[in-house]
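Here's the letter readout for the chains.
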Number of protein chains: 2
Amino acid sequence: MKHVNRRGFLGASLLAAAAGEAEPQEKAPVAAPPGEVTRGLAQWVVESKADEIPAAVRKEATRTLLNWMGCAIGGSGQGAVTCAIEAFAPFSGPGQAAILGRSERFDVLHAALINGISSHVLDYDDTHLRTIIHPAGPVAPALLALAEYRAASGQAVAGKDLLHALILGVEVECRIGNAVYPAHYDAGWHITGTTGVFGAAAAAGKVLGLSAQQMTWALGLAAVQPVGLREMFGTMTKSFHPGRAAQNGLASALLAARNFTCSEHALEAKSGWANVLSSARDYGEITGKPGAGWQVSLNTYKPFACGIVMHPTIDGCIQLSRENLLTAEQIAGIELRVAPLVQELTGKKTPSTGLEGKFSIYHAAAVAIVERAGGEQQFSDRAVRNAATVALRQRVTATVDPKIGEDQVRIRIMLRDGRALEKVIDHAVGSLAHPMTDTDLEDKFSGLAEGILPRDQTRRVMDLCWKIGELPDAGALAQAARRDNRA
Amino acid sequence: MKHVNRRGFLGASLLAAAAGEAEPQEKAPVAAPPGEVTRGLAQWVVESKADEIPAAVRKEATRTLLNWMGCAIGGSGQGAVTCAIEAFAPFSGPGQAAILGRSERFDVLHAALINGISSHVLDYDDTHLRTIIHPAGPVAPALLALAEYRAASGQAVAGKDLLHALILGVEVECRIGNAVYPAHYDAGWHITGTTGVFGAAAAAGKVLGLSAQQMTWALGLAAVQPVGLREMFGTMTKSFHPGRAAQNGLASALLAARNFTCSEHALEAKSGWANVLSSARDYGEITGKPGAGWQVSLNTYKPFACGIVMHPTIDGCIQLSRENLLTAEQIAGIELRVAPLVQELTGKKTPSTGLEGKFSIYHAAAVAIVERAGGEQQFSDRAVRNAATVALRQRVTATVDPKIGEDQVRIRIMLRDGRALEKVIDHAVGSLAHPMTDTDLEDKFSGLAEGILPRDQTRRVMDLCWKIGELPDAGALAQAARRDNRA
């Protein structure tokens, strides 16, 4: 996935590349002037036009939005969301924006925070595989809240423009992520919250109509507000990261709109974001001409309600269990050969809650065998405490093999009758090579909204998502996903 | 300033040390259990009792509070403050808390942000010299806003308790700063905003009566929200750092009070704050028994309205100018020998605004000779553009000498008549060795409040500050410093 021309600049050349072909028509690259990374990125965002985004890119952004809304609705009743609502309700401004899947309304900044938490709390949202960024979480809630607010003051944001801003926000955060991954992530940062602030700032700034100067400041204000450490994985604070990133990015754009000044070299300066937060960086990833299309086109959606690194294992175990009609009792042991990151992120041997189960490759393998699924139900307290699954997970071993890619797993199941079953997964379902279909996404959405919104309302929200490009007021989408008190 | 016993633990031993002597009575140190840095710190904050704080420490905290309030009032009309107020006013909750020196009221979280910006915007606030942390900025505004809010719901915070929380907040942020300085600062972080979040969380959490478990979470939530890069020095965003740190720390405490869960090892874990944000760290500075008393006792106040690193130069140049009744015309050149940090932070050769002047050692030396002062007036646009000062600053050279300490300078003035004048400053006025008196602090406060509050109101606010320990409702202090619309 290396760029054709790493020295190219992000302006017109990116728009040329946006035709969506892997090898866009060559143009003479504009060399990125030294020290102009932030300004160049800001200028590109400001100059980008909605009509120039290829249809396939808009379609993938629509899928991103739909998947994100389902996750936010599905997560809206979780403890982290309720805690945050209780903590901040006394301090919220006017009820400008909806909390998806709930009846409360909050001011725009708090709504961005809370919907961002909801959308990530199930670990079920979208993933930019190259960086493990969850792109929509910090960007979409800032945009939705802003759209509702603008409509109320007679400045409705067209759905087309919201989609455009979402595409730009994802582009900005993932390009910055590409520039510092994996060093930045390996250091311990939760990259979704650290790059997400930029995405939210750029997207909100686009909707607010910032000038290039203001957009540069907005990115600078985002740079001083990174959110998230990987140490918090397995606690409520993990989902706080994209929520707070959304709120911080939105706040950055609002300040910049008032000409709150900032460095114009926040990304690339000696004491700037990339140098301070990463031991390695490649600015060409930010300013270069893309050879593989838009970052949102590289977005993926999870068929399983847990971190992406466990998906190959779940996919393979479900397949083996279905193909062989396995029961836990038959199994003497399960040997997994996994990528190093799998062990690092999901090495919990004895999870005791559903949330902890999301960080246990042992539980994931066992529950996939026992229940032949990997949805939110399989990461509930019930599933994690199920006797058959608990017994089986103690017979799972995971061996790290640096030759195994993060999208791969080698599974070997030893049966008590002496037989051994094997499965190699190279690309799990939900990966770029094996994407979820639109119908898969609708099924996932419906499952998430079950018990939270009435079915006809769920249908209406999904229809609005698919039609986002034609909506005169994108804020209507957020309102449609509110839970009516009287329902 | 090395600790007597770096392995001691922060509990009872710190209280023993709190007698205020440089060499406290020895007690058998409690070894810090590995991986218990965050929990130990949280437990100590929760268990600390106001009555056990020595009188001298309370006195220094009172001076810290008074100096901070003067700075916040003095900065309240600056552009950064007005911009932030305009940006966030539409989203603020109820008017729960005063903006010092102004008539607006905001919700508690926004008030903490805005008062934090005001207090730092003139670069005139307090300094913990060992770490260059400005300790009050992130802590005091969170506390004042919270005190007003609690009083309105019948849970007034006694002045004594606010002072206690301020002392604890300063202790927490400066100890964490001590543990990572200078590596963390050298990397490019604005340490006031990165450690200040912890100080605000601890202080607000103390007022909210968090349990040890909740305080541990509050520190963890603070850890994921560092604010500030040194790249922003010289722009409005610098003063945003302590304000946002105050807001983030307060938000952390509010979430923790609702049992929003987090890692319990946020400071010391492999992917925790100290490892991720610093290339070096000494946890003994956080958990160790202090040999030199409380961190707030090491706080200093600026006689000059700019970064502390320029103070020796200003002090020396004012002295030379007064002693020799110098005029700019007499001077052929000024040679400064300065510490490396001076050049790094204040190397702007041709400042064009008052704010930029605060980052120019050349302007500082010249204006100190020409105007024989270093107050806010000397860092105004007017002073920076004054022809005599501009001409003289072009004849100033600054040579870095690693043997020169950050509190030192060697000044050599070559006169056109062939004479040379020399001055060595080892400890500038305002340093620990040469502190400002209470009267100096009152003069500074009055100067800052001039034109913003009527003189009798200024007198009343200062009197309330000095009496903070006896106030039944600390929130009264914030209300007293409001600007009456009708005044």
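Not measured: the values here are computed from a predicted model. (Residues numbered from 1 in each chain as written. Chains lettered and ligands numbered in written order. Predicted model: local features only at pLDDT ≥ 70, side-chain atom pairs only at ≥ 80, totals over all residues.)

The subject of this paragraph is the overall build of chain A. Across its full length, chain A carries 22 helices and eight strands. A compact globule built from 487 residues should have a C-alpha radius of gyration of about 23 Å, and chain A, at 22 Å, falls within 12% of that. Each principal axis of the C-alpha distribution contributes one length, and for chain A these read about 70 × 55 × 35 Å. Put simply, chain A has 487 residues, and 63% of those count as buried. By sequence separation, contacts in chain A at least 24 residues apart represent 78% of the contacts at least 6 residues apart. (Helix = DSSP H or I, 4+ residues; strand = E, 2+ residues; numbered from the N terminus. Rg over C-alpha atoms; globule rule 2.2 N^0.38 Å. Buried ≥ 20, exposed ≤ 12 C-beta atoms within 10 Å, placed from the backbone. Contact = placed C-beta atoms within 7 Å.)

Opposite the 49 residues of chain A that make contact, chain B presents 49 residues. At the level of secondary structure, the elements contributing two or more residues to the side of chain A that touches chain B comprise α4 (79-88), α5 (108-120), α10 (212-223), α11 (237-257) and α12 (273-277) of chain A. The residue inventory of the side of chain A that touches chain B, partitioned by class, reads 27 nonpolar, 16 polar and six charged. (Nonpolar A, V, L, I, M, F, W, Y, C, P; charged D, E, K, R; others polar.)

For the pair chain A and chain B, the relating rotation is 180 degrees, the translation along its axis is 0.0 Å, and the fit reaches an RMSD of 0.0 Å. What the superposition gives is, in effect, a two-fold axis relating one chain to the other. Within chain A, the C-alpha atom positioned nearest to the axis of rotation is that of Gly93 of chain A, 1.7 Å from it. Most of the interface of chain A is mirrored in chain B: 100% of its interface residues are interface residues there too. (Least-squares fit on C-alpha atoms with pLDDT ≥ 70 in both.)

A separate point is the packing of helix α7 (residues 159-180) of chain B against helix α9 (residues 191-208) of chain B. All names here are of chain B. Between α7 and α9, the shortest axis-to-axis distance is 8 Å and the interhelical angle comes to 145 degrees. You can see that α7 and α9 cross each other, and the crossing is right-handed. Here Asp161, Ala165, Leu166, Leu168, Gly169, Val170, Val172, Glu173, Ile176 and Gly177 of α7 lie close against α9, whose contacting residues are Ile191, Thr195, Gly196, Phe198, Gly199, Ala200, Ala202, Ala203, Lys206 and Val207. A per-class count over the contact of α7 with α9 returns twelve nonpolar, five polar and three charged. (Axes fitted to C-alpha atoms, helices over the stretch in contact; angles between N-to-C directions. Left-handed = near helix turned anticlockwise from the far one by under 90°.)

Attention now goes to the domain arrangement of chain A. What the domain assignment lists for chain A is domain 1 (12-300) and domain 2 (308-425). Contact residues are listed per partner, giving eight residues for domain 1 of chain A and seven residues for domain 2 of chain A. (Domains from an automatic or database assignment.)

For the bond running from Tyr181 of chain A to Pro182 of chain A, omega is 5 degrees, close enough to zero to count as cis. The residue Pro182 of chain A is located in the loop between α7 (159-180) and α8 (183-187) in this model. If you check the backbone angles, Ile132 of chain B has positive phi at about 60 degrees while not being a glycine. Inspection of the secondary structure puts Ile132 of chain B in the loop between β3 (127-128) and α6 (136-152). Notably, Leu325 of chain B is not glycine yet its phi reads approximately 45 degrees, a positive angle.

Moving on, we come to the pairing of strand β5 (residues 331-338) of chain B. Along any regular strand the residues' side chains alternate between the sheet's two faces. Residue and element names in this part refer to chain B. Relative to strand β7 (residues 409-415), β5 runs antiparallel, the two being bridged by six bridges. Paired with Leu336 across the strands is Ile411, a residue of β7. With five bridges connecting them, β5 and strand β6 (residues 396-400) associate as parallel partners. Within β6, the residue paired with Ile334 across the bridge is Val396. (Pairing = 2+ DSSP bridges.)

All names here are of chain A. As summarised here, the arrangement of the four strands in space is β6-β5-β7-β8, forming an open sheet in which the pairing is mixed. Strands with a single pairing partner mark the edges of an open sheet, and in this sheet they are β6 (396-400) and β8 (420-425). For this sheet the average axis-to-axis angle between neighbouring strands, irrespective of direction, equals 15 degrees. Helix-sheet contacts for helix α17 (residues 361-371) involve β5 (331-338) and β6, and the interaxial angle to β5 is about 130 degrees.

As a further point, take helix α10 (residues 212-223) of chain B. For α10 of chain B, with twelve residues, the first-to-last C-alpha span of 16 Å sits near the 16 Å given by 1.5 Å per residue. Counting buried residues in α10 of chain B gives ten out of twelve residues, a clear majority hidden from the surface. Those residues of α10 of chain B lying buried are Gln214, Met215, Thr216, Trp217, Ala218, Leu219, Gly220, Leu221, Ala222 and Ala223 of chain B. Looking at the packing, one finds that the buried side of α10 of chain B touches α11 of chain A together with α2 (37-47), α9, α11 (237-257) and α12 (273-277) of chain B. (Expected span 1.5 Å × (residues − 1).)

Our focus in this paragraph is the packing of α5 of chain A against helix α6 (residues 136-152) of chain A. The geometry of a pair of packed helices is captured by two quantities: the angle between their axes and the separation between those axes. All names here are of chain A. The geometry of α5 relative to α6 is characterised by a closest axis approach of 8 Å and an angle of 140 degrees between their N-to-C directions. Crossing hand, α5 versus α6: right-handed. Of the residues in α6, those touching α5 at Val108, Ala111, Ala112, Asn115, Gly116, Ser119 and His120 are Ala136, Gly137, Pro138, Pro141, Ala142, Leu144, Ala145, Leu146 and Tyr149. Looking at the contact of α5 with α6 residue by residue, the class counts come to eleven nonpolar, five polar and no charged.

What follows deals with α9 of chain B. Residues and elements named next belong to chain B. Relative to the 26 Å expected for 18 residues at 1.5 Å per residue, α9 spans 25 Å between its end C-alpha atoms, a close match to the ideal helical length. Maximal helix bending in α9 amounts to about 30 degrees, located at Val197. Extensive coverage of α9 is indicated by the burial of 18 of its 18 residues. Of the residues flanking the end of α9, it is Gly209, one or two places downstream, whose phi is positive at about 70 degrees. (Bend = angle between axes of the 7 residues up to and from the residue.)

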